[in-house]
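# Descriptive structure summary
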Amino acid sequence: MQVKVKFLGGAKTVTGSRYLLELDHQKILVDCGLFQGLKEFRLRNWESFPIDPKSIDLVILTHAHIDHSGYLPKLVKEGFSGPIYCTYATDELVRILLLDAGKLQEEEAAYAQRKGYSSHEKPMPLYTIEDVEKVFPFLKPVDMNEEIQLNEKVNITFFNAGHILGAAIVKMKVKGENQEKKIVFSGDLGRYHDPIFHAPARIPFADVLFMESTYGNRSQKEQKPVDELARAIRETYRNGGVAIIPAFAVGRTQMILYYLHYLQQKGNIPDIPIYVDSPMAIDVTKLYKKYTEYHRLGPLLEEEGANPFLHKNLHYYQTQEASMSLNAIRGDAIIISASGMATGGRILHHLYNRLPREQDSIIFVGYQAEGTRGRRLLEGESTSRMYGVEVPVKSKIYYIEGLSAHADQEELMEWAEGFASKPKMTFLIHGEKEASETLSQKLTEILQWNTIVPEYMESFSLFEGI
């Protein structure tokens, strides 16, 4: 058997994760992400898929984030009809996230046509809610830590990756005529001392490893993110303003709610209302009670007054009307809304209304990819283009490092050191060029690993005649 890989995304970028494995004539796609950020990346979503989707036998998802799952509706629309394997929590999250993505695509296309700011005569969504619903029959959820036989030659097991609810490391056993090989995909790895999620599982053996490198060139050890978050909120409160926190509905919003509740209980931030303006985040938060085995919060969710997702200051806003009503609030409030990189969703109308106000603040609490509105605001742009209008940036912009759900460089190295023997080949993926190359160099120098930072669309032979 010959085993090859082709990098269809997630190579020198933190977006569009898609890794095509070819085992003789069988094709397995690991992750099926949407490209976000820079326009040159986003345009790839509209191009024909690099191979015929009908020829792909199955998809394996490491987790539900859109940069790992968001292309699925288009893949199915173009002819894919095989099983999509993931954990049970990922199955539920994918449904929530994709429906939201389809709705946003439709709304943005309709709005662009109405306002006439698209270069296309009739702007079309990448996919619709109807397209999204066609994905669901193919989802095949499996238990964490349970070995699943995909066919007579391939078995997979999902192990806890931390990061978000249901996120998994994928270990694949490939049986050839003469020997068995192990291929491991790290997925996105979480933190070692995360307040919500368990540390990523140790994997002792891999012949070939695909390892994420989002923070491959950063250490978050010295930061005190909770203190910095508290300071930003107190400063905004003293200015008589509203703190806007762009946060992804999955993972980040729940972590921020945990910290805000903690800070209010300790008296470190004022006892002011917290608004979660994201129907998706509300749906996701409910899943934490259903999947307590994935996180550490179980006892808190049962105890009155201790639940960070249910207390007197916390208000969940579902409808668009309720969301718009938040524009009237002039001070003493915290608003959390998606998306986390301010690329779309309800956060846009909050930024549209708040960026021109000096009293208000925007607090970014996670990684801002190249080319995103969040990254441009952090880099100091004086106006931000939204809804075809240049909006002046007068509000204070904060960036809190250390609240990421991604392992930093030291934690990535710690996870790598958990292997009992060196992988024969390690690909550094899901990181911008500098991050991937820095981690690659560190793994080579300290652990003497054979590392490769692949290019987009590059192919490699992993095993010959196993």
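The following refers to the structure shown. Each chain has its residues counted from 1, running along the sequence as written. Only residues with pLDDT of 70 or above have their local features reported here, since the model is predicted, and side-chain atom pairs are shown and tallied only from 80 upward, although totals for entire chains, interfaces and linings are computed over all residues. Water and hydrogen atoms play no part in the side-chain values, which are based on all heavy atoms of the structure.

Turning our attention to the sheet that holds strand E12 (residues 242–246). By this definition, two strands are paired if DSSP reports at least two bridges between them. Each helix is a run of DSSP H or I of at least 4 residues and each strand a run of E of at least 2, with the numbering of both proceeding from the N terminus. Strands sit in the order E14-E13-E15-E12-E16-E19 across an open sheet of six strands; the sheet is parallel. The open sheet has two free edges, formed respectively by strand E14 (314–316) and strand E19 (396–399), since each of these has just one partner strand. On average, each strand axis in the sheet is inclined to that of its neighbour by 20°, with strand direction left out of account. As paired strands, strand E16 (residues 361–364) and E19 are joined by four bridges and run parallel to one another. Paired with Ile-362 across the strands is Ile-397, a residue of E19. By the convention used here, residues are in contact when the closest approach between their heavy atoms is within 4.5 Å. Lines are fitted to the C-alpha atoms to define the axes, a helix being fitted only along its stretch in contact, and any angle between axes, read from their N-to-C directions, falls within 0 to 180 degrees. Most of the contacts of helix H11 (residues 347–354) go to E12, to which it runs at about 145°, and overall it touches E12, strand E13 (274–277), strand E15 (333–337) and E16.

With respect to the helices and strands, Lys-12 occurs in the loop between strand E1 (3–7) and strand E2 (19–23). Once you skip the residues sitting within four places of it in the chain, Lys-12 turns out to touch Gly-431, Glu-432, Lys-433, Glu-437, Val-453, Pro-454 and Glu-455.

Attention now moves to the layout of surface pockets. Both site types are read off a 1 Å grid over the protein atoms alone. A 1.4 Å probe that fits but cannot get out defines a cavity, while an open set with protein on both sides within 12 Å along at least five of seven lines defines a pocket; lining residues have an atom within 4 Å of a point. Grid points are joined across faces, edges and corners, and a volume is the space filled by probe spheres set on the points. Space inside the second largest pocket adds up to approximately 300 Å³. Residue lining of the second largest pocket: 18 residues in total, with Arg-191, His-193, Asp-194, Gly-402 and Glu-411 positioned closest to the centre. Elements with a contribution of two residues or more to the lining of the second largest pocket: helix H6 (225–238), helix H7 (252–266) and helix H13 (409–416). Counting residues per element, the lining of the second largest pocket draws most heavily on H13, at three residues. Following the grouping adopted for this structure description, the nonpolar residues are Ala, Val, Leu, Ile, Met, Phe, Trp, Tyr, Cys and Pro, the charged ones are Asp, Glu, Lys and Arg, and the polar ones are all others, Gly among them. Of the residues belonging to the lining of the second largest pocket, the class tally is seven nonpolar, four polar and seven charged.

A few words on the pairing of E13. The alternating pattern of E13 places Ile-274 and Val-276 and Tyr-275 and Asp-277 on opposite faces, both of which are buried. Pairing geometry for E13 and E14, over three bridges, is parallel. Among the inter-strand pairings, Ile-274 is bridged to a residue of E14, identified as Leu-314. Both E13 and E15 contribute to a ladder of four bridges, which runs parallel. Relative accessible area decides the class of each residue, using a 1.4 Å probe on protein chains only: under 20% of the type maximum gives buried, over 50% gives exposed, and in between gives partly exposed.

Let us look at the pairing of E1. Counting buried positions along E1 yields four of five residues, so the element is predominantly enclosed. Pairing between E1 and strand E22 (residues 459–463): four bridges, direction antiparallel. What sits directly across from Val-3, in E22, is Phe-463. As judged from the five bridges shared by E1 and E2, these two strands associate in the antiparallel manner.

We now examine the environment of Glu-180. Relative to the elements of secondary structure, Glu-180 occurs in strand E10 (residues 180–185). Here the alpha-carbon distance between Glu-180 and Lys-153, two residues 27 residues apart in the chain, equals 9.1 Å. Once residues lying within four places of it in the same chain are set aside, the contact partners of Glu-180 are Lys-173, Val-174, Lys-175 and Asp-207.

Side chains of nonpolar character tend, in soluble globular proteins, to be buried together. Each nonpolar core is a collection of buried residues, namely Ala, Val, Leu, Ile, Met, Phe, Trp, Tyr and Cys, held together in the definition by side-chain atoms within 4.5 Å. Formed by 134 residues in total, the largest nonpolar core has its most connected members in Phe-427 and Leu-462. Apart from residues no more than four positions distant in its own chain, Leu-462 is found in contact with Val-3, Lys-4, Val-5, Leu-21, Ile-183, Val-208, Phe-210, Met-425 and Phe-427. One finds Ile-329, Ala-333, Ile-347 and Val-391 within the second-largest nonpolar core, a separate group that totals 17 residues.

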